[in-house]
Amino acid sequence: MKNTAKSIDRYKIRGVLCAVLALTALFSLCSCTKPSEGDAGATNLPVLLPTAEPSPTPIYGGKLFMSIPVNADISDPLSVNTEEMLHFFSLITESLVALDETSMLTPELAENWSCDETGRVWTFSIRSGVKWHETGRELSADDIVYTIEKIASAEECYYKDCIESIEAYSAPDDRTLVLTMKKAGLGPLFLLTFPIVCRESGESRFAIGTGAYRVIAAGSDSVMLRSNEHWWRQTPFIQSIECLYRESNEVALASYSAGQLNFVSTSTLHSGRFRAEKETTVTDIMTQNAEVMLFSSKSSLMRDAAMRKAIAYSLNRSKVISNIYMNKARSSDVPIAPDSWLYDGKFKIYDYDRERALAMYDELGWKDIDGDGILEDKTNINREMKLSILVSYTTEAPTRNDAAEQFAAQLNAIGINTEMIRAEHRINSDDSEYMRLLGEGSYDIAFSGFCFGQNCDFTEYFAADGKNNYGGFASARLAALADEIGAQTDVALMREAAQSFMAQFLEELPFMVLYFRLDSVVHTSKLADVGTLREPDIFRNIQRWYMVEP
């Protein structure tokens, strides 16, 4: 059967596998009043306060039923080519470092790390007592070296970008790994989230890892996972996971409705229809996939930053998020996700403000002089403001086109004539009509999407020759500030660098970030303590999950 599972965009590697810069964890540290004497209604009777319903005590047992693509390779974690398999292998394997629900870098197979005075040479202490499934052999630094070499020698591999930052590597002993990076700072470490594989795995038909679950059987209909009783972390409460083969995400969701699955991750905007009290819970997942508005540097109107800012104030993103995205998006004005510890709400400034936008257009020389609802050039009333909007259209994902139409309507309502240019585009295609027009820059505004790396490496968006700088607004200042984030080896200085970058981005506004997309997990309400889910590893806290008995 043809594998029609949700494929991973080849540019998504930087967003899915790179972690946001940090080394520490955040910690979070109710008062009631009673009526005073003489208060109306005060009595000496005891006040009956509502009592919180106690949480169930987690118990071992229960089973998850999820899906994987038909014809999936379950033997090699480095062969991953769909998001479903990325999730599958994350249950089995672990990486050198990981990230938490706030996108902070955290230890995994490496207990800790430190750098030399150059900021390029990093020494990792490999966790002891970690054992490989099946073989029982203890993990060593040589296993990480083997994994790096296997990725490097592969003709094609999803994780190629993850090792591009490594200049040299060595394992002085079983518990020590030394990596020399091409760039100084913590930034390159956030690429080290690739799965570590076992030398002996080549002799097995199942993937061998060190993670929470191990493969115990595979048949024509499903793959069975069992909790790893020798895991170095807490043994998961959920003891087994059965992964059923399904042709697509749509089929997986239909299987959920039929009661065959009880856990499905999905990017569909209509996941909310599955929500049912005491039966089904829909949990949203923040992603790194952002929708953006590109401004063409070839447009005489868009060359002025004040005009770009006026456009930003003209758009009501909340309406589009509600009407088009079914609230499966969160607005942001900067290319840093709003759930990141680096993000600061004070940099959310371009909320819809019609009066402010009109005042800015007026200052720029555009005003509705004749009262026809259209902005005219104040020096030439016969010249009306017009903008061309380029948008991709795919039958697989027409949502961006629908959103662009609503934004065009909003610009029309404020007095700007808009012309929609719809161009054919195929997902993961570099030679479509849309990509050709995007590269030519013969438009005023273009709607597009980026998967922003969580390591804040934005050079390719601002450099004159950057592969993602489609608008053509090169900014050496922004590129330098972005580099400063990853170049820091101190967490506090990283945050300061990120703040400087966000402030400068909003000042120059080379393109407008609209919102970050949300994916979802549709799961049985019997599944408890799921907590906050975050791309790329939605199973990072699975050891805490448990099933509540009916």
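Residues numbered from 1 in each chain as written. Predicted model: local features only at pLDDT ≥ 70, side-chain atom pairs only at ≥ 80, totals over all residues. Heavy atoms only, no water.

Let's talk about the confidence of the model for the protein chain
Argument step 1. Here the protein chain averages 89 in pLDDT, and 89% of its residues register 70 or above.
Argument step 2. Contacts for the low-pLDDT stretch residues 9-47, under 50 throughout, to residues beyond four places or in other chains number 79 contacts. (pLDDT = per-residue confidence, 0-100. Contact = heavy atoms within 4.5 Å.)

Brief notes about the pattern of salt bridges
Argument step 1. According to the stated counting rule, one finds 25 salt bridges in the structure shown.
Argument step 2. For R175, the salt bridge is made with E138, and the minimal N-O distance between the two is 3.8 Å. Taken as a pair, R175 in the loop between β6 (166-173) and β7 (176-181) and E138 in the loop between β5 (121-126) and α3 (141-153) lie far apart in primary sequence, 37 residues in all.
Argument step 3. Accessibility expressed as a relative area gives 34% for E138, which makes it partly exposed.
Argument step 4. Of the charged contacts, one joins E291 and R517 as a salt bridge, the two residues approaching to 3.9 Å between their closest N and O atoms. Here the residue E291 occupies a position in strand β12 (residues 280-295), and R517 occupies one in strand β20 (residues 511-524), the gap between them amounting to 226 residues. R517 carries the same exposure label as E291, and that label is buried.
Argument step 5. One network of salt bridges, with partners in common, ties together E134, R214 and E229. (Salt bridge = Lys/Arg side-chain N within 4 Å of Asp/Glu carboxyl O. Helix = DSSP H or I, 4+ residues; strand = E, 2+ residues; numbered from the N terminus. Buried < 20%, exposed > 50% of the residue type's maximum accessible area, 1.4 Å probe, protein only.)

Quick notes on the sheet that holds β6
Argument step 1. Pairing in this open sheet of four strands is antiparallel, and the strands run β4-β5-β7-β6 from one edge to the other. Each edge of the open sheet carries a strand with a single partner, namely β4 (110-115) and β6. Strand after strand, the sheet turns through a mean of 20° between neighbouring axes, direction not considered.
Argument step 2. For β4 and β5, the ladder comprises five bridges, and the chain directions are antiparallel. When the sheet's bridge partners are listed, W113 is paired in β5 with F124.
Argument step 3. Running over the sheet, α3 touches β5, β6 and β7 and is turned about 150° from β6. (Pairing = 2+ DSSP bridges. Axes fitted to C-alpha atoms, helices over the stretch in contact; angles between N-to-C directions.)

Regarding unusual backbone geometry
Argument step 1. The peptide bond linking E535 to P536 adopts the cis configuration, its omega dihedral lying at 15°.
Argument step 2. Along the chain, P536 turns up in the loop between β22 (533-534) and β23 (546-547).
Argument step 3. With a phi close to 65°, K278 is a non-glycine residue in the positive phi region.
Argument step 4. Mapped onto the elements of the fold, K278 is located in the loop between β11 (263-266) and β12.
Argument step 5. For L509, which is not glycine, the phi torsion reads 45° and is therefore positive.

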